[in-house]
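Coordinates in review
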Amino acid sequence: MSVSSPTSSTVARLARLLLDCALRHWPEETRPWGLALAAEIDEATSAFETVRWSLGGMMFFARAVLSGAWTWLKLPAGGSLPGGATGPSILPKRSRMFTAGTLVVAVLLLFLPAGREAMRMVRASWQGFQQSNSDVRAQKELAARAEKKKDASTLAFVALGTSDPKRAAALTERAVALDPELIWVYAAKCHGPNHDPPREQWLARLQLADPGNAVPYLLAADALDPLRIRPPYQHGILKDAELEVVESDSKWMGLMERAYGPPRYDGYFQKHYQLTRTVWNRERNLSPVVVLSGLRSHAIPNLLSLRFFAHVRIHKAQKARAAGDLSRAERLLGEVDALGTRMSDGSEVKIEKLIGMAISRSADKELADFYSNTGNAEDARRAALRVEQIDERARSMRPGHDPATRAQAQGFQWEGMLVQGFGTLGVIAGFAALVGILLLELWPWRIRNAKTIWRRALCCLTDYAPATLLVASAAFLMSFLPFQHAFAEYRSFELRAG
């Protein structure tokens, strides 16, 4: 109906128009009261009375709407308010209010800091721990903020974690320019020629800045094409002629020889670890994939070349021994053993430790044979004992050797399966709840005549899927707690060499 206008006041006309609009949307159960209000407004004799009556009607309309909404929330999904058209005979058991409350609590649990971190971690595991588009955007935003603040450490962190070689090179140069102490980043990002183009100027500057470290020389040797070295070594062919071909490469041999001189072997992993820990403590919302991607790609010297050169040196020692130059043979073998020891003691990376022990073992085994043939029984005994010690140390580093470590690893594996399982259950339950509620609410009449079994299935989804999502979300967070504690320990743990 329309409301007539007894006065020409603009305010009065607007008041009548407002009440007329409310009347069109008035709840059915109290609609007669609205019609009565609309009829009474025509009796108003002044604009003031018209406005006052209209405002009173709007307040009554608001109460009616709120009362209707409360009644509607107490009905199950797909149910109709009293006075409306007859709804379907089969409806869910739970009210809309219970369903909405359950879903809201489940969503709030997932959006807690621990929930967001857990979701990021599970999503990353489903993607094979590869950086997603959101991870790349987070890195770019972090680099932009760091550039504005001239934060060299954060720029270095992003450089180490990005997979774009050009961007990584630019960020690395900027970080080192701001803080020369970060020059070690040159080594951490200097992969061999099969990955990024070798940057000789980086390594030359690093050799000058850290002359007592063998790693810059080893990385410089890796920048040369090592493909001519790998095929014979991979097939176990170590013939004299092939070793002599490698020895004829003066540039590669010179760099490897220089690596035997410095007193330290430091792959800068500890510095990288400390940098990552510092930035993650500042940027707690970073995805674990972003945080750990740099550590995963930390460059280390070509371990195959290291072992191969150790064999080259042992070969030289054997030739010196055959020629009667026993002092030179002993010196060469001692240098190989010393490099292996520095490598196994100075590195924080397990594979480097093992390669270092393998190099030392080869040298000590040759030394034991050398001393036996020269009649030095005491030195031969010490060399043989060192071989046994290296073997025992290598066995202790094998996966599963320590029962406590093995039990801890199995525990984390089981907890990881729980996190994945509850996360999957939560996704399925959330999708099922969404399907059931939308079909019942948006298309109630279209599915009114559906088969009873399908109707009952939708009602079951609406009744139980939200509660399942809530339980799965709570269990998801609880099962993620050990990993959250592990991340917290990582942020606070001081990595030590050896």
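Since the model is a prediction, treat every value here as computed from it, not as a measurement.

So, how was this worked out
- Here the residue index of a chain counts from 1 through its sequence in written order.
- Only residues with pLDDT of at least 70 are given local features in this predicted model, and only at 80 or more are side-chain atom pairs given and counted; all residues enter the totals for whole chains, interfaces and linings.
- By convention in this description, side-chain values take in all heavy atoms of the structure and omit both hydrogens and water.
- For helices the rule is a DSSP run of H or I covering at least 4 residues; for strands it is a run of E covering at least 2, with both sets numbered from the N terminus onward.
- Only protein chains enter the accessibility calculation, which uses a 1.4 Å probe; a residue whose area is less than 20% of its type maximum is buried, one above 50% is exposed, and one in between is partly exposed.
- In what follows, residue pairs with any heavy atoms lying within 4.5 Å of each other are defined as contacts.
- Only the protein chains shown count as covering a residue, and every accessible area follows the Shrake-Rupley method with a 1.4 Å probe.
- One less than the residue count of a helix, multiplied by 1.5 Å, gives the span that helix is expected to have.
- To obtain each axis, a line is fitted to C-alpha atoms, and for helices this fit is confined to the stretch in contact; angles are then taken between N-to-C directions over 0 to 180 degrees.
- Working rule for angles: under 35 degrees goes down as roughly parallel, over 145 as roughly antiparallel, 65 to 115 as roughly perpendicular, anything else as oblique.
- When residue character is reported, Ala, Val, Leu, Ile, Met, Phe, Trp, Tyr, Cys and Pro are called nonpolar, Asp, Glu, Lys and Arg charged, and the others, Gly included, polar.
- Summarising the geometry, the arc corresponds to the directions from the helix axis toward the C-beta atoms.
- Only buried residues count toward a nonpolar core, which is a set of Ala, Val, Leu, Ile, Met, Phe, Trp, Tyr and Cys residues joined through side-chain atoms within 4.5 Å.
- By definition, pLDDT measures how confident the predictor is in each residue, and it falls between 0 and 100.
- Salt bridge criterion: a side-chain nitrogen from Lys or Arg within 4 Å of a carboxyl oxygen from Asp or Glu.
- The patches reported here contain residues having more than 30% relative accessible area and no salt bridge. Joining distances are 9 Å for like charges and 5 Å for nonpolar side chains (Val, Leu, Ile, Met, Phe, Trp, Tyr).
- Any two rings among Phe, Tyr and Trp, with Trp reduced to its six-membered ring, count as a pair given centres within 6.5 Å; such a pair is stacked if its planes are under 30 degrees apart, edge-to-face if over 60, and tilted if neither.

A separate point is the overall build of the protein. The secondary structure content of the protein amounts to 22 helices and zero strands. Taken across its 498 residues, the protein has 43% of its residues classed as buried. Here the contacts in the protein between residues at least 6 apart in sequence split such that 70% fall between residues at least 24 apart. A total of about 26,100 Å² of accessible surface is found on the protein, and carbon and sulfur atoms cover 61% of it.

Residue K150 is not a glycine yet carries a positive backbone phi of 55°. Looking at the element boundaries, K150 is found in the loop between α6 (133-149) and α7 (152-161). By relative accessible area, K150 is classed as exposed at 53%. A positive phi angle, near 65°, is found at Y268, a position not held by glycine. With respect to the element layout, Y268 can be found in the loop between α14 (250-259) and α15 (269-282).

Next up on the list: α15. Taking 1.5 Å of rise per residue, 14 residues should cover 20 Å, and α15 covers 20 Å from first to last C-alpha, within 8% of that figure. Within α15 the residues assigned to the buried category are F269, H272, Y273, Q274, L275, T276, R277, V279 and W280. Structurally, α15 contributes buried residues whose contacts are with α5 (113-126), α7, α9 (185-188), α16 (288-296) and α22 (452-492).

For the pair helix α17 (residues 303-322) and helix α19 (residues 350-373), the least separation of the axes is 10 Å and the interaxial angle reads 10°. Relative to α19, α17 is oriented roughly parallel. Residues L303, L306, R307, A310, I314, Q318 and R321 of α17 lie in contact with α19, whose contacting residues are I351, E352, I355, A358, I359, S362, A363, E366, D369, F370 and N373. Along the lines of polarity and charge, the residues of the contact of α17 with α19 split into ten nonpolar, three polar and five charged.

Bringing helix α4 (residues 96-110) into the picture now. Taking 1.5 Å per residue, 15 residues should reach 21 Å; α4 reaches 21 Å between its end C-alpha atoms and fits that length. Listing the buried residues of α4 in full gives R96, T99, T102, A106 and L110. Projected down its long axis, α4 shows its buried positions confined to an angular sector of 135°, all on one face.

Attention now goes to the nonpolar core. F157, W184, W252 and L306 are the most contacted members of the largest nonpolar core, which has 75 residues in total. Top contributing element to this core by residue count: α7, with seven residues. When residues no more than four places from it in sequence are discounted, the contact partners of W184 are L160, L206, Y268, K271, H272 and L275. In this structure, I314, A329, F370 and Y371 belong to the second largest nonpolar core, which totals twelve residues.

As a further point, take the confidence of the model for the protein. When the pLDDT values of the protein are averaged, the result is 80; 73% of them are 70 or greater. Averaged pLDDT values for the elements of the protein fall to 52 in helix α12 (residues 230-234) and rise to 94 in α7. In the predicted structure, residues 1-8 sits below a pLDDT of 50 and forms 21 contacts with residues beyond four places in sequence or in another chain.

Next up on the list: the pattern of salt bridges. Counted under the stated rule, the structure contains 20 salt bridges. Between R282 and D151 there is a salt bridge, with its nearest N and O atoms 3.2 Å apart. Here R282 is found in helix α15, whereas its partner D151 is found in the loop between α6 and α7, with 131 residues between them in sequence. The partly exposed category is assigned to R282, whose relative accessible area is 42%. With a shortest N-O distance of 3.7 Å, E366 and R321 are connected by a salt bridge. Placement of the pair is E366 in helix α19 and R321 in helix α17, with a sequence separation of 45 residues. Judged by its relative accessible area of 17%, E366 is buried. You can call R321 partly exposed: its relative accessible area is 23%. It is possible to trace a salt-bridge network through shared partners that takes in E257, R313, K316, R331 and E335.

This next bit is on a nonpolar patch on the surface. Residues L434, L438 and L442 make up a contiguous nonpolar surface patch of about 280 Å² in total accessible area. Tracing the sequence through the fold places L438 in helix α21 (residues 403-442). Residue L438 is classed as partly exposed on the basis of its relative accessible area, which comes to 36%.

What follows covers the packing of aromatic side chains. Under the criterion given, the structure shown has five aromatic pairs. Between Y186 and W202, the aromatic rings sit 4.7 Å apart at their centres with planes inclined by 15°, giving stacked as the arrangement. Here W202 lies in helix α10 (residues 200-209) and Y186 lies in helix α9, a separation of 16 residues in the sequence. A residue is classified by how much of its surface remains accessible, and Y186, at 0% relative accessible area, is buried. Centroid distance F480 to F483: 6.1 Å. Interplanar angle 20°. Geometry classified as stacked. Here F480 pairs with F483, and both are found in helix α22, just three residues apart, close to one helical turn. Taking relative accessible area as the criterion, F480 reaches 2% and is therefore assigned buried. We classify F483 as buried; its relative accessible area is 19%. A connected cluster of aromatic rings, assembled from ring pairs, spans W252, Y260 and F309.

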